[in-house]
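Analysis of the macromolecular model
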There are 2 protein chains.
Amino acid sequence: ATSTSNAVFSQNKVLTIDTMNPNVKNVEYAVRGPIVQRAVQIEKELREGVKKPFTEVIKANIGDAHAMGQQPITFFRQVLALCSYPELLKDNMFPEDAKSRARRILQACGGSSLGAYSASQGIDCVRQDVARYIERRDGGVPCDPDNVYLTSGASDGIVTMLKLLVCGEGASKTGVMISIPQYPLYSAALAELGAVQVNYYLNEEKCWSMDLSELERSLAEARKHCNPKVLCIINPGNPTGQVQSRQCIEDVIRFAAKEHLFLMADEVYQDNVYAEGCQFHSFKKVLFELGPQYSNTVELVSFHSTSKCYMGECGFRGGYMEVINMDPEVKAQLIKLVSVRLCPAVPGQALMDLVVNSPQPGEPSYTTFMKERTTTLSLLAEKAKLTEEILNTVPGITCNPVQGAMYSFPNISLPQKAIKEAKALGQAPDMFYCMKMLEETGICLVPGSGFGQKDGTYHFRMTILPPTDKLKLLLAKVKEFHQKFTRQYS
Amino acid sequence: ATSTSNAVFSQNKVLTIDTMNPNVKNVEYAVRGPIVQRAVQIEKELREGVKKPFTEVIKANIGDAHAMGQQPITFFRQVLALCSYPELLKDNMFPEDAKSRARRILQACGGSSLGAYSASQGIDCVRQDVARYIERRDGGVPCDPDNVYLTSGASDGIVTMLKLLVCGEGASKTGVMISIPQYPLYSAALAELGAVQVNYYLNEEKCWSMDLSELERSLAEARKHCNPKVLCIINPGNPTGQVQSRQCIEDVIRFAAKEHLFLMADEVYQDNVYAEGCQFHSFKKVLFELGPQYSNTVELVSFHSTSKCYMGECGFRGGYMEVINMDPEVKAQLIKLVSVRLCPAVPGQALMDLVVNSPQPGEPSYTTFMKERTTTLSLLAEKAKLTEEILNTVPGITCNPVQGAMYSFPNISLPQKAIKEAKALGQAPDMFYCMKMLEETGICLVPGSGFGQKDGTYHFRMTILPPTDKLKLLLAKVKEFHQKFTRQYS
Ligand SMILES: Cc1ncc(COP(=O)(O)O)c(C=O)c1O
Ligand SMILES: Cc1ncc(COP(=O)(O)O)c(C=O)c1O
């Protein structure tokens, strides 16, 4: 009824669902989709006194650490306060290293104010600090600050790079290879740009690893109808929580070199590695270890962000990208493109600087900083283990180890009757399942269909971010719900 | 030579100037173009001790108030410091109203932290405060917070709206009417989206006003080859500094209604009105005064920002847009679209909140706030007058009154010999002029060709932002340069 009356009402409008940009219409974004909208409604109903079989909504739908109670790093926030209100520099309440960091950042700002636009590529000294951080991280592989671009979160960088790369029509349209399951920013950006999404499937049986044969299959298939130019990898993985092995990364780089693909490495979870035997290997480091034949030719961009790792500072929208082997003419075009929006938010740039230039041994804030950082990362490791273990006790749920990032993506077996009922409602079966879970338990998860999955398999994504007690409660409720759901539809 | 060797080098690259998105290649952005890049180089040369006929570069190329020494509003920065580092709430050094604003903002943030993602449309209570601000500004015309979207600066809102509106190919491609001269974000966004830029000329003889007949000419012309759907207005104007009369706005609204055009009103300079007899009239207010026939039908979006007015807080990238009469289905699409990038930077949202919910009479910070605000705006008014007066004393320079915004856009007559020499170099004549001025005086202006102008006329844009002393020096140097330049090429 609503849609009919809207249609009548819209007839006189310039901008309607029928006249708007069709690419935008094709965009989907499950992380903030119908489940989350319903969760917000339910919270409102609870506040208004509506009776429910639960008293609060527990959100495990989005990698938003502070929203789940994680505390910010004291040092970062001290420096941000000092930069915001430099009068505080006169005060004795802040440690000297916080003050000197703040002075250094302010000196690099126009008029010594966070309120001035920065260079569009980002503040010079921040880009230099990022370069030194990357060099340390990668055991001395050189990094040129001119290759570093500060961004408004990694999202901004990813969309900007795809925008540069996408062109053509019909069979020569740019194809972009993304993992399935994927973080839906990628599919959304590709839809918006009208590019061809080329799926390659992660191997769930082998802990969501990448198979060379699957990459080959996917590429060969894509070449029949588009021009695949880009290969995107998320490592550590969202939504799947795997950490790729060094061997795998090497294989991917050789594959990209051989097949003439531009590599986009989303490495925003680079500090989030928990499983024993796992380690973060940056694409750049492995590229350089493969020797000049690779390191002088393969085009690579890597993304990082203030939103994840131990910081969890999503709201500041800080991030950077490093481009490697990018054509100098294209770099000039990239700088021009980012100039149009003037600059990334300066407080986010300042925060990115603190992340790559954190307190050092001997500085007054070092001990507290390290304690806070370690506590957060150990808690995450503990919750990763807990999640995997409890989920695997549920008959009908199979969960790979959460090796890294902030998510588990368990496989759920759904009874035929449930699948039928969902399809009759025009819903993906795991959407039907998650919506029912939300209504009955107050737990907000995202259905696997929002990220993509092999046909006939069903999953959900849940974050490991709730505080341990709440996480245990959540997992117990998921267990109970799954068993009840299975009985109900068998 | 460079371009040949690059071309050879590029042959093996995936991403080259020839394979990249051609729409991005078509983007131009003069405000940060070649002149500004050269200015940055010259600053570096000065630091390295290279001898020049001047000792510092004076930048009058961009509306970046803090970079030119304008001080931030104390209250705003106090609240931002409190929000960044809530430990400070325990301190006695901050006024109570700053603390209560900070508490209110933090309560509205996930986990009471600026570090949590907000709702994609923006924090609820900030949108409510924006709505109340708009109602006060517009003498009670109602504003629904659901129509308010927080953005990363106005730039973000403008690009997002254009993205929604643009579609079609060939003769049915969306045409977007923009003023000439324009703020080049518009032409850049249209190039990127592959839309048709439809120019209408402002009337320089009548102080850059909008002529109905010119709008009609432009639209009729455009209808021959595209589908014009959108009319953009910047008021107060950038780069032209005019403030449109109420009558003019009424005419534009009637025109949009009659011609079925979607209105985009860029009102980021709404507090920057200096000239006697001039007043800011919001498009929304005038729309509602025209009665329900208009206020129930004409689709309008208005943009605001923390970057301009008396705040000048560009680096925080705060802003909002209000949509009026937008189709509900399109609104849902808009929310989905903004979800993909998660949310605008939260410190910028907090700052936007402070702007629309500033200290009130009776609150401890009120007096200081009003003093700071008034001082900044009076200084700007003084500098607007000064700029106009001094420029008009120069033979060959004609300058309209700077009624509002932060710019003057004087007409400069250039000798034929200079025009010829510029053309021989493949440069726009006013680019040639501005580049010479930069090299000889250290003054950085933007040539009129970067904004668009009537064929055969030449201009430059200069901001009125430098401190009064420096502005006087700058104007004296411009005068001297112009006279010398005229002599040299006569
Ligand atoms: C894999 C991945 N990439 C990018 C992002 C974007 O993060 P942001 O834009 O906050 O940096 C996220 C956020 O969850 C993510 O999981
Ligand atoms: C007319 C106009 N609109 C929009 C903007 C964008 O400003 P921001 O993105 O900083 O809000 C500017 C900046 O100068 C402007 O002059």
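Report on the accompanying structure. Predicted model, so just to flag it, every value in this text is computed and none were measured.

Rules behind the numbers
Residues numbered from 1 in each chain as written. Chains lettered and ligands numbered in written order. Predicted model: local features only at pLDDT ≥ 70, side-chain atom pairs only at ≥ 80, totals over all residues. Heavy atoms only, no water. Helix = DSSP H or I, 4+ residues; strand = E, 2+ residues; numbered from the N terminus. Least-squares fit on C-alpha atoms with pLDDT ≥ 70 in both. Contact = heavy atoms within 4.5 Å. Phe/Tyr/Trp six-rings, centres within 6.5 Å; stacked < 30°, edge-to-face > 60°. Buried < 20%, exposed > 50% of the residue type's maximum accessible area, 1.4 Å probe, protein only. Lys NZ or Arg CZ within 6 Å of the ring centre and 35° of its normal. Buried area = accessible area lost by both parts, 1.4 Å probe. Salt bridge = Lys/Arg side-chain N within 4 Å of Asp/Glu carboxyl O. Polar contact = N/O pair within 3.5 Å; in protein donor to acceptor, adjacent residues only side chain to side chain. Nonpolar A, V, L, I, M, F, W, Y, C, P; charged D, E, K, R; others polar.

**Some words on unusual backbone geometry**
Residue Pro181 of chain A follows Ile180 of chain A across a cis peptide bond; omega there is 0°. Tracing the chain through its elements places Pro181 of chain A in the loop between strand S3 (174-180) and helix H8 (185-193). Notably, Cys309 of chain A is not glycine yet its phi reads approximately 55°, a positive angle. With respect to the helices and strands, the residue Cys309 of chain A is situated in the loop between strand S7 (300-305) and strand S8 (318-324). Within the chain, Arg317 of chain B stands out as a residue other than glycine whose phi angle is a positive 55°. Structurally, the position occupied by Arg317 of chain B is in the loop between strand S7 (300-305) and strand S8 (318-324).

**Digging into the relation of the copies chain A and chain B**
The transform that puts chain A on chain B rotates by 180° and translates by 0.0 Å along the axis, for an RMSD of 0.0 Å. Taken together, the rotation angle and the small translation identify this as a two-fold axis. No C-alpha of chain A approaches the rotation axis more nearly than that of Ala81 of chain A, which lies at 2.1 Å. The overlap is high: 100% of the interface residues of chain A also sit at the interface in chain B, so the same surface is used on both sides.

**Regarding the packing of aromatic side chains**
One pass over the structure, following the stated rule, counts 28 aromatic pairs over all chains. Residues Phe432 of chain B and Phe485 of chain B carry aromatic rings whose centres are separated by 6.2 Å and whose planes lie at 65° to one another, so their mutual orientation is edge-to-face. Note that Phe432 of chain B is positioned in helix H17 (residues 429-441) and Phe485 of chain B in helix H18 (residues 468-488), a separation of 53 residues in sequence. Arranged with centres 5.6 Å apart and planes meeting at 40°, the rings of Phe481 of chain B and Phe485 of chain B form a pair that is tilted. Of the two residues, Phe481 of chain B and Phe485 of chain B are both situated in helix H18; the distance of 4 residues between them amounts to about one turn of the helix. Among the residues examined, Phe485 of chain B registers a relative accessible area of 1% and is labelled buried. One aromatic cluster in this structure is built from Phe432, Tyr433, Phe460, Phe481, Phe485 and Tyr489 of chain A. Stacked on the ring of Phe288 of chain A, the Lys or Arg Lys284 of chain A has its end atom at 5.8 Å from the ring centre.

**A closer look at helix H8 (residues 185-193) of chain B**
All names here are of chain B. For H8, the tally of buried residues reaches 8 of 9 residues, placing the bulk of the element in the interior. Along H8, the positions that sit buried rather than exposed are Leu185, Tyr186, Ser187, Ala188, Ala189, Leu190, Ala191 and Glu192. Two residues or fewer past H8, Gly194 is found with a positive phi of approximately 70°.

**Notes on the interface of chain A and chain B**
Counting from both sides, the interface comprises 88 residues of chain A and, opposite them, 89 residues of chain B. Contact between chain A and chain B buries roughly 7,800 Å² in total, counting both sides, with carbon and sulfur atoms accounting for 59%. Applying the counting rule to chain A against chain B returns 4 salt bridges. Its salt-bridge partner being Arg341 of chain B, residue Asp156 of chain A comes within 3.6 Å of it at the nearest N-O pair. In this assembly, chain A and chain B are joined by 45 residue pairs in polar contact (both at pLDDT 80 or more). Counting residues per element, the ones that place at least two in the side of chain A that touches chain B are helix H1 (2-10), helix H2 (22-25), helix H4 (74-84), helix H7 (153-165), H8, helix H13 (328-339) and helix H14 (346-356) of chain A. Residue composition of the side of chain A that touches chain B, by class: 44 nonpolar, 26 polar and 18 charged.

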